[in-house]
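Below are the chains, spelled out letter by letter.
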Amino acid sequence: MNTVSIDFQFILENDGSPLIVFDHRGRILWLNNAAEILLGYTESRDLFDIALTHAPKDYGSKTTLMDLRYQQLIFYAVSVSYNSDDWVALRLYYRPRAGEKRHLEPERLIATDINNLLEAAITLFKMQYKQKLSLLTDQDLPPLRIDQNNFSKLLRKALESFRRSSQIEVSLKMTIGEFIIIDEKRYPLLRLKIKANGRYCDEDGALQDLAQKLQIVPLLEERSITLDIPFVQ
């Protein structure tokens, strides 16, 4: 087979699995688009250490099954390859979300200024609690279609889980290069993050249920809540 005309770099750049090539000092020589997203969640030095730890003893390639999690990004294996002492390549494999089926009916959803809903939820929170709260958001976000009632409930419960935190930080931004697949269609993601020095977890079950109804992907951690929201227009 003639492979001269195949643009392998283009294929690798757009592969869904993160792929990074390091030099012998841990400096990045090359990475694909998925790896750029991964580096938003972890340091390149940590990934280089993984590559060194799981590299084959001799030239070649070695795949190791292991659980890795960087916030929303979950992997089940890594592959390390090299045929030179000058570079080493690390590839990570996403864990599939088995049985996860998502469905949306955009025509039933109301076009909404999400900043208005967020600010209303924060105002109600401040009326009941006196914690310091900072908000960082993009006021120029266009309207998206969402179930306003359930999303408002989700915001209120999320904020209330930080009701005893001394200072709360809230941010809302559009992610770059990330998306969610619903009904075989790609939707960009808005990321809402609330973080503080700690939170109550007593309503996590209700938060998960509301997020599921909204097709939102939640990440509930000890000191933060992250909500990946489908940007449906």
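Quick caveat: nothing in here was measured; it's all calculated off a predicted structure.

**Q** Lay out the pairing of strand E2 (residues 28-31) in plain terms, naming residues and giving numbers.
**A** The pairing of strand E1 (residues 19-23) with E2 spans three bridges and is antiparallel. In the sheet register, Ile 20 faces E2, and the bridge partner there is Leu 31. With antiparallel pairing between neighbouring strands as the criterion, E1 and E2 make up a hairpin whose turn holds four residues, including Gly 26 at a positive phi of roughly 95°.

**Q** How would you summarise the sheet that holds strand E3 (residues 60-70) if you had to cite specific residues and measurements?
**A** The sheet built from five strands is open, its strands ordered E2-E1-E5-E4-E3 with antiparallel pairing. For this open sheet the edge positions go to E2 and E3, each flanked by a neighbour on one side alone. Averaged over all adjacent pairs, the angle separating strand axes in this sheet is 20°, with direction ignored.

**Q** Would you mind going over the packing of aromatic side chains in detail, with residue names and values included?
**A** Taken as a whole, this structure holds six aromatic pairs when the rule is applied. Ring geometry for Phe 22 against Phe 48: centres 5.2 Å apart, planes inclined by 55°, an arrangement best described as tilted. Of this pair, Phe 22 sits in strand E1 while Phe 48 sits in helix H3 (residues 44-53), and the two are 26 residues apart along the sequence. The class for Phe 48 is buried, based on a relative accessible area of 2%. Taken together through their ring pairs, the aromatic side chains of Tyr 70, Phe 75 and Tyr 94 make up a single cluster. A cation over a ring is seen here: Arg 163 above Tyr 200, with NZ or CZ 4.2 Å from the ring centre. In this arrangement the basic side chain of Arg 186 is found over the ring face of Phe 179, its NZ or CZ atom lying 4.0 Å from the centre.

**Q** Go over the pairing of strand E12 (residues 224-230), please, and point to the residues and values.
**A** With seven of its seven residues buried, E12 lies for the most part within the structure. The sheet contact formed by strand E10 (residues 185-195) and E12 spans seven bridges and is antiparallel. Across the sheet, Lys 195 pairs through a bridge with Ser 224, a residue of E12. As judged from the four bridges shared by strand E11 (residues 217-220) and E12, these two strands associate in the antiparallel manner.

**Q** A description of helix H6 (residues 204-213) should follow, citing residues and the corresponding values.
**A** If you check which residues of H6 are buried, you get Asp 204, Leu 207, Leu 210 and Ala 211. For H6, the buried positions fall inside an angular range of 125° around the axis, keeping them on one side. The exposed set on the far side of H6, more than 90 degrees from its buried face, consists of Gln 212 and Lys 213. Packing partners of the buried residues in H6 comprise helix H5 (148-160), E11 and E12. Positioned one or two residues after H6, Gln 215 has a phi angle of 60°, which is positive.

Reading guide: rules and limits
- Residues numbered from 1 in each chain as written.
- Predicted model: local features only at pLDDT ≥ 70, side-chain atom pairs only at ≥ 80, totals over all residues.
- Heavy atoms only, no water.
- Pairing = 2+ DSSP bridges.
- Helix = DSSP H or I, 4+ residues; strand = E, 2+ residues; numbered from the N terminus.
- Axes fitted to C-alpha atoms, helices over the stretch in contact; angles between N-to-C directions.
- Phe/Tyr/Trp six-rings, centres within 6.5 Å; stacked < 30°, edge-to-face > 60°.
- Buried < 20%, exposed > 50% of the residue type's maximum accessible area, 1.4 Å probe, protein only.
- Lys NZ or Arg CZ within 6 Å of the ring centre and 35° of its normal.
- Arc of directions from axis to C-beta.
- Contact = heavy atoms within 4.5 Å.

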